[in-house]
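Residue-level structure breakdown
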Amino acid sequence: MTTLVWDYLPEYEKEREDILGAVEKVFSSGRLVLGDSVRGFEEEFAAYHGVKHCTGVDNGTNAIKLGLQALGVGPGDEVITVSNTAAPTVVAIDSVGATPVFVDVHADNYLMDVEQVAAAITPMTRCLLPVHLYGQCVDMAPLEALAARHDLPILEDCAQAHGARHHGRIAGSMGKAAAFSFYPTKVLGGYGDGGATITTDDEVDENLRRLRYYGMEKRYYVVQTPGHNSRLDEVHAEILRRKLGRLDAYIAGRRAVADRYQEALADTDLVLPRTVPGNEHVYYVYVVRHPRRDKIIEALRDYDISLNISYPWPVHTMTGFAHLGYLKGSLPVTEKLADEIFSLPMYPSLSRDVQDKVIDALREVLRTV
Ligand SMILES: *Cc1c(COP(=O)(O)O)cnc(C)c1O
């Protein structure tokens with residue numbers, strides 16, 4: 001069987017009864033949309049982060065999109081973020097009519113270079129959108145200082161950072177609002193699409209609840225535009241509720257896999273992930289770096305190992321974002337990383353045998369490329 005970077009089936013095998021129990025509970029409850037499971041999940045997810053509110057939505061992209069709109073971001077506004085991210089971060093900014101403004105990232109940890117943010121702020125800037133990429137947090141203190149000085153809200157993109165901590169604070173509790181995805185591959189992943197936006201601000205939360213429900217305040221009565229139908233499904237919420245109880249165990253499993261890679265590959269010329277001091281990494285993906293990345297991936301196919309690149313194209317160089325006017329060379333670190341990074345298999349139920357197979361194959365390949 002081909003070894004993949006991610007596979008949910010080993011986990012499903014272990015959790016099958018619980019997952020199917022969640023489906024049965026919802027299907028026999030008499031209520032399929034916005035019922036007890038969504039409400040319960042929202043309360044528990046907010047409590048996990050020590051924030052007041054959580055609004056469940058249909059996916060992570062819309063969690064960002066509605067988050068931006070709930071913060072008052074719209075056409076003509078600028079949002080400062082990174083190009084070194086999953087494209088949906090930028091798709092969400094674009095979809096509210098705002099303009100994404102990119103800063104580069106650090107070469108050693110791939111995260112937003114916060115020192116570049118000050119120079120990117122203009123009178124049109126309306127929001128700062130850090131992405132806690134791969135499972136560890138952006139350097140928040142200087143970003144929070146800038147946000148305070150310029151009176152700008154921070155929206156954290158936490159789609160890759162469920163449970164990550166930064167100087168003791170949990171990802172998602174540091175900004176004015178934070179967006180999460182529960183896409184199946186994520187650190188807290190569902191069995192289909194899902195997302196949530198969390199906040200401690202009452203008004204932002206009221207906006208979020210209306211925006212996901214056609215812009216309605218009460219049934220059939222629209223008070224806010226543009227509205228959306230962006231609800232989290234009951235059945236996904238019930239599954240996520242149960243998995244939330246195991247989130248810390250999933251994270252521990254990911255760290256064990258990462259520790260094993262670290263131990264077995266430290267003496268190779270692969271650049272391994274570096275945890276920034278003060279961060280507690282949750283390893284959404286295990287990203288390594290090598291100048292002959294393409295050759296390595298190709299050679300590993302002979303061992304029936306199929307790796308992934310997160311992400312092969314910087315967002316600012318994509319055709320769909322040509323209108324933003326970024327030239328090649330404008331974000332040199334981001335562009336270089338896209339040519340050299342690749343991801344090793346990473347998920348909590350990855351077996352020792354499969355991981356050993358990957359490590360052995362990789363060590364052999366690295367001797368020849
Ligand atoms: C996955 C992801 C998203 C989008 O989430 P979806 O649920 O797939 O819409 C946004 N930002 C980042 C950083 C992601 O990794």
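Per-chain numbering applies: the sequence of each chain, read as written, is numbered from 1 onward. With pLDDT at 70 or above as the cut-off, local features in this predicted model cover only qualifying residues; side-chain atom pairs require 80 or more to be listed or tallied, and sums for whole chains, interfaces and linings still use all residues. No hydrogens and no water enter the side-chain calculation; it runs on all heavy atoms of the structure.

**Notes on the packing of aromatic side chains**
Note on aromatic contacts: the rings of Phe and Tyr and the six-membered ring of Trp form a pair at centre separations within 6.5 Å, being stacked when their planes are under 30 degrees apart, edge-to-face when over 60 apart, and tilted otherwise. For the coordinates displayed, the defined rule picks out twelve aromatic pairs. On the numbers, 5.0 Å between centres and 55° between planes, the contact of Phe102 with Tyr326 is tilted. Remark: Tyr326 occurs in the loop between strand S15 (305–306) and helix H11 (332–340) and Phe102 occurs in strand S4 (residues 99–103); sequence separation between them is 224 residues. One aromatic cluster in this structure is built from Trp6, Tyr8, Tyr12 and Tyr191. Between the NZ or CZ atom of Lys218 and the centre of the ring of Tyr221, over which it lies, the distance is 5.4 Å. Counting from the N terminus, the helices are the DSSP runs of H or I reaching at least four residues and the strands are the DSSP runs of E reaching at least two. Each ring is checked for a lysine NZ or an arginine CZ that lies within 6 Å of its centre and within 35 degrees of its normal; such an atom marks a charge sitting over the ring.

**Side note on the sheet that holds S4**
As summarised here, the arrangement of the three strands in space is S4-S3-S5, forming an open sheet in which the pairing is parallel. If you trace the sheet from one side to the other, it starts and ends with S4 and strand S5 (125–128), each paired once. Along the sheet, successive strands turn relative to each other by an average axial angle of 35°, direction set aside. Direction of pairing for strand S3 (residues 78–82) relative to S4: parallel, over a ladder of five bridges. In the sheet register, Val82 faces S4, and the bridge partner there is Val103. Only when DSSP finds a minimum of two bridges between them are two strands counted as paired. For helices, the fitted axis covers only the stretch in contact; all axes are lines through C-alpha atoms, and the angles between them, taken along N-to-C directions, range from 0 to 180 degrees.

**Observations concerning the nonpolar core**
In these notes, a set of buried Ala, Val, Leu, Ile, Met, Phe, Trp, Tyr and Cys residues joined through side-chain atoms within 4.5 Å is what counts as a nonpolar core. Burial classification: accessible surface area is computed with a 1.4 Å probe over protein chains only, and a residue below 20% of its type maximum counts as buried, one above 50% as exposed, and the rest as partly exposed. Ranked by internal contacts, the top residues of the largest apolar core, which has 102 residues, are Phe45, Leu68 and Phe342. Of the residues that make up this core, three or more belong to each of domain 1 (9–103 + 110–244) and domain 2 (247–366). Every residue pair with non-hydrogen atoms within 4.5 Å of one another is taken to be in contact. Among all residues touching Leu68, those that are not within four sequence positions of it are Val73, Val79, Ala92, Ile93, Val96, Cys127, Leu129 and Leu155. Val315, Phe321, Leu324 and Leu331 belong to the second-largest nonpolar core, a separate cluster that totals six residues. Reported domain spans reflect what an automatic or database domain assignment gives.

**Some details on the pairing of strand S9 (residues 177–181)**
A large share of S9 lies buried, amounting to five of its five residues. A two-sided burial pattern is seen for S9, the buried positions comprising Ala177, Ala179 and Ser181 on one face and Ala178 and Phe180 on the other. Alignment of strand S6 (residues 155–157) against S9, held across three bridges, turns out to be parallel. Within S9, the residue paired with Asp157 across the bridge is Ala179. As paired elements, S9 and strand S10 (residues 195–199) share five bridges and run antiparallel to each other. The residue bridging Phe180 from the neighbouring strand is Ala196, located in S10.

**Concerning the site of the ligand**
Close to the ligand lie 15 residues, the nearest being Gly60, Thr61, Gln160, Ser181 and Lys186. In this structure, an oxygen atom belonging to the ligand sits 2.7 Å away from a side-chain N or O atom of Ser181. In isolation the ligand offers 380 Å² of accessible surface; the protein chains occlude 91% of this area. Those elements that provide at least two residues to the shell around the ligand are helix H3 (60–70) and helix H4 (87–95). Per-element accounting of the shell around the ligand gives the leading share, three residues, to H3. Note on terminology: near, applied to a residue and a molecule or strand, indicates that one of the residue's heavy atoms is within 4 Å of it. Two N or O atoms form a polar contact when they lie within 3.5 Å of each other; inside protein one atom must be a possible hydrogen donor and the other a possible acceptor, and for residues adjacent in sequence the pair counts only when both atoms belong to side chains. Accessible areas in this description were obtained via Shrake-Rupley with a 1.4 Å probe; residue shielding takes into account the shown protein chains only.

**Some points on the UniProt feature "modified residue: N6-(pyridoxal phosphate)lysine" (unreviewed entry) in the protein chain**
UniProt positions are given in the numbering used here, feature names are shortened, and annotations may be inferred rather than shown by experiment. In the numbering adopted here, UniProt assigns the feature "modified residue: N6-(pyridoxal phosphate)lysine" (unreviewed entry) to Lys186. Assignment of secondary structure puts Lys186 in the loop between S9 and S10. If we skip the residues at most four places from it in the chain, Lys186 touches Ala159, His162, Ser181, Arg254 and Tyr284.

**Things to note about the pattern of salt bridges**
Pairs can form between side chains of opposite charge once their charged atoms are near each other. We define a salt bridge as a side-chain nitrogen of Lys or Arg found within 4 Å of a carboxyl oxygen belonging to Asp or Glu. Throughout the structure, instances matching the rule amount to 24 salt bridges. In this structure, Glu11 engages Lys243 in a salt bridge whose closest nitrogen and oxygen atoms are separated by 2.6 Å. Of this pair, Glu11 sits in helix H1 (residues 9–27) while Lys243 sits in helix H8 (residues 234–244), and the two are 232 residues apart along the sequence. For Lys243, a relative accessible area of 5% corresponds to the buried category. Via salt bridges that share partners, Glu15, Asp18, Lys25, Glu44, Glu238, Arg241, Arg242 and Arg246 belong to a single interconnected network.

**Some details on the domain arrangement of the protein chain**
Its domain assignment divides the protein chain into domain 1 (9–103 + 110–244) and domain 2 (247–366). For domain 1 versus domain 2, the distance between C-alpha centres works out to 24 Å. Computed with a 1.4 Å rolling probe, the buried area is the accessible surface lost when two parts are put together, summed over both parts. A buried area of about 3,200 Å², summed over both sides, lies between domain 1 and domain 2, and 58% of it is on carbon and sulfur atoms. The interface formed by domain 1 and domain 2 includes zero salt bridges. Between the two partners, domain 1 and domain 2, sit 19 residue pairs in polar contact (both at pLDDT 80 or more). For the side of domain 1 that touches domain 2, the elements supplying multiple residues, two or more each, are H1, H4, S4, strand S7 (165–166) and H8.

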